[in-house]
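Spelled out, the chains give:
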Amino acid sequence: EPEVTQTPSHQVTQMGQEVILRCVPISNHLYFYWYRQILGQKVEFLVSFYNNEISEKSEIFDDQFSVERPDGSNFTLKIRSTKLEDSAMYFCASRLNGIYTEAFFGQGTRLTVV
Amino acid sequence: AQSVTQLDSQVPVFEEAPVELRCNYSSSVSVYLFWYVQYPNQGLQLLLKYLSGSTLVESINGFEAEFNKSQTSFHLRKPSVHISDTAEYFCAVNTVSGNTGKLIFGQGTTLQVKP
């Protein structure tokens, strides 16, 4: 069964460092997302990406964040200068098309900023 | 703006007992509703969804949820739980209008099934 894969599963980084979280969505899917879950809190939407551009982003997704689909298979989330409060589980998701289809989630990357 | 509230953060229950995980939502427009499950050390998996039609939806492993528009609820039920149902359960909505498909999640409910 096709699945969304995320690497690495756990990343530890120092405050102020850049970090790139990687995702390989399901191959024929068209909509891509990043969500995050701070420990003990709810899963929060960060950004949606369609047709090679951001279609929607949340207030959390400020100038420190960026997304890219560099080669037609990977979908990356970059945090330019990490802060302690960026520590969270980051989930990538993809959909075949819009809101009528199921979103498939990856297993997540736990980011720890020290 | 949409929001989702899961009133119970933890639900302990004995094996073979019935369970209900509560979910209420707030939205000024029509919504689609979902329950996702997260087993330990795994990603989020869709358990069931309501898009339209029958307000009672079922999953393949015995869970069901009923969309109640008047009470803005989408509670998840199972008549007899198994140890393997121990997991975190998330209720989520997305609006019918717009095409980004973003999901708004509740806080999650940890279901702890005891032998």
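Since the model is a prediction, treat every value here as computed from it, not as a measurement.

### Some details on the nonpolar core
Counting 29 residues, the largest nonpolar core has W35(B), L48(B), F74(B), L76(B) and Y89(B) as the members making the most contacts within it. Elements supplying a minimum of two residues to this core: β2 (10-14), β3 (19-21), β5 (31-38), β6 (44-50), β8 (64-68), β9 (73-78), β10 (87-95) and β12 (109-114) of chain B. Those residues within four positions of F74(B) in sequence are excluded, and the remaining contacts are C23(B), L33(B), F34(B), W35(B), L48(B), K49(B), Y50(B), V57(B), A65(B), E66(B) and F67(B). Core analysis: the second largest hydrophobic core is formed by 22 residues, V19(A), V47(A), F61(A) and I79(A) among them.

### Quick look at the packing of aromatic side chains
Residue and element names in this part refer to chain A. All chains considered together, the criterion is met by 18 aromatic pairs over all chains. Aromatic side chains F32 and F75 sit 5.5 Å apart centroid to centroid with 40 degrees between the ring planes, which places their arrangement in the tilted category. On the criterion of sequence distance, the pair formed by F32 in strand β4 (residues 31-37) and F75 in strand β8 (residues 75-79) is long-range, its members being 43 residues apart. Judged by centre distance (5.5 Å) and plane angle (45 degrees), the rings of Y35 and F105 are tilted. With Y35 in strand β4 and F105 in strand β10 (residues 104-105), this residue pair connects regions lying 70 residues apart in the sequence.

### Describing the environment of S52(B)
Counting through the fold element by element, S52(B) comes out in the loop between β6 and β7 (56-58). Residue classification places S52(B) among the exposed positions, given a relative accessible area of 58%.

### Details of unusual backbone geometry
Going from T7(A) to P8(A), the amide bond is cis rather than trans, its omega being -10 degrees. As for its placement among the helices and strands, P8(A) is situated in the loop between β1 (5-7) and β2 (10-13). The backbone of N51(A) shows a phi angle near 55 degrees, a positive value even though the residue is not glycine. In this structure, N51(A) sits in the loop between β5 (43-50) and β6 (53-57). By relative accessible area, N51(A) is classed as exposed at 60%. With a phi close to 75 degrees, E16(B) is a non-glycine residue in the positive phi region. As for its placement among the helices and strands, E16(B) is situated in the loop between β2 and β3.

The rules behind the values
Residues numbered from 1 in each chain as written. Chains lettered and ligands numbered in written order. Predicted model: local features only at pLDDT ≥ 70, side-chain atom pairs only at ≥ 80, totals over all residues. Heavy atoms only, no water. Core = buried A, V, L, I, M, F, W, Y, C linked by side-chain atoms within 4.5 Å. Buried < 20%, exposed > 50% of the residue type's maximum accessible area, 1.4 Å probe, protein only. Helix = DSSP H or I, 4+ residues; strand = E, 2+ residues; numbered from the N terminus. Contact = heavy atoms within 4.5 Å. Phe/Tyr/Trp six-rings, centres within 6.5 Å; stacked < 30°, edge-to-face > 60°.

Interpretation note: all reported values are geometric properties and have no functional meaning in isolation.
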